[in-house]
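Structure assessment
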Amino acid sequence: SLTDVIAAMAWQDDFSALVEQVRAEQADIFARAQITGDQQAALSFTADAPASVRDLAAAFEAEHGVTVVIDTDGGVSEQVIEVAVPTVHMALLSHPDVVDATTSFEAATNQVVSNVVLAESVAADLLSELQGVAADQLTQTSGVPDDVIAVVRESAGPLGSDDD
């Protein structure tokens, strides 16, 4: 019944509240949260999660009957991503031969990925130049681990279409 479905999924709202609490308390090491299955979720950190987080997860599991996996190899913290992505994005957009760009972080590959729409009649090596601009921005951004790389790809545009 609909009531059963609602009851089975209600824990997800409470998990969002748990995530917000953990994010606020552990911003420097919190990487991401995911609902990974019907009764499963995960919290990822860039370092060992403190006992307070493990206690919160255990209490959540007990209250909701949900498994919360704590991953301590989460890659890059949200705090670093929130600085790195817009820094790279704005550097690329400020280039006179870039008409538009989208930039995001791909956690699975540790990449800041930018799709750029280039102006007409640009130099053949412009993409390599932009790749260098993006890489320099990451290097200069405090807290970005060395294993995070920038990837710049050309898009036929307009952005938001199937070709970016």
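Residues numbered from 1 in each chain as written. Predicted model: local features only at pLDDT ≥ 70, side-chain atom pairs only at ≥ 80, totals over all residues. Heavy atoms only, no water.

Observations concerning the packing of aromatic side chains
Inspection of every chain in the model, using the stated rule, returns four aromatic pairs. Between Trp11 and Phe60, the ring centres sit 6.5 Å apart and the planes meet at 70 degrees, which makes this aromatic pair edge-to-face. Separated by 49 residues along the polypeptide, Trp11 in helix 2 (residues 11–25) and Phe60 in helix 3 (residues 51–64) bring together distant segments of the chain. On the accessibility criterion, Trp11 (3% relative accessible area) is buried. The class of Phe60 is buried, set by a relative accessible area of 6%. Here a set of aromatic residues connected by ring pairs shows up, and it is made of Trp11, Phe15 and Phe60. (Phe/Tyr/Trp six-rings, centres within 6.5 Å; stacked < 30°, edge-to-face > 60°. Helix = DSSP H or I, 4+ residues; strand = E, 2+ residues; numbered from the N terminus. Buried < 20%, exposed > 50% of the residue type's maximum accessible area, 1.4 Å probe, protein only.)

Quick look at the environment of Ser104
Following the sequence through the fold, Ser104 ends up in strand 4 (residues 98–106). Among the residues examined, Ser104 registers a relative accessible area of 36% and is labelled partly exposed. As for Ser104 and His89, which are separated by 15 residues in sequence, their C-alpha atoms are 8.6 Å apart. Sequence-distant contacts of Ser104, defined by excluding residues within four places in its chain, comprise Val85, Gln111, Val112 and Val113. (Contact = heavy atoms within 4.5 Å.)

As for the nonpolar core
With 21 residues, the main nonpolar core has Leu92, Phe105, Val112, Val116, Leu130, Leu138 and Val148 as its most contacted residues. Here this core gets six residues from one element, more than from any other, and that element is helix 4 (residues 78–93). With residues up to four places along the chain from it excluded, the contact list for Leu138 reads Ala84, Val88, Val112, Val144, Val148, Ile149 and Ala150. Trp11, Ala41, Phe60 and Val66 belong to the second largest nonpolar core, which has 17 residues in total. (Core = buried A, V, L, I, M, F, W, Y, C linked by side-chain atoms within 4.5 Å.)

Points about the pattern of salt bridges
Under the definition given, this model contains three salt bridges. Note that Arg23 and Glu20 form a salt bridge whose closest N and O atoms lie 2.4 Å from each other. Here Arg23 and its partner Glu20 are both found in helix 2, three residues apart, which amounts to about one turn of the helix. Residue classification places Glu20 among the partly exposed positions, given a relative accessible area of 47%. Here Asp48 ties to Arg54 by a salt bridge, and the two come within 2.9 Å at their closest N and O atoms. (Salt bridge = Lys/Arg side-chain N within 4 Å of Asp/Glu carboxyl O.)

Focus: a nonpolar patch on the surface
On the surface, Leu2, Val5, Ile6 and Met9 cluster together to form a nonpolar patch covering roughly 400 Å² of accessible area. Summarising the element assignment, Leu2 is placed in helix 1 (residues 2–9). What makes Leu2 exposed here is its relative accessible area of 63%. (Patch = residues over 30% accessible without salt bridge, like charges linked within 9 Å, V, L, I, M, F, W, Y side chains within 5 Å. Areas by Shrake-Rupley, 256 points an atom, 1.4 Å probe, with all protein chains shown as cover.)

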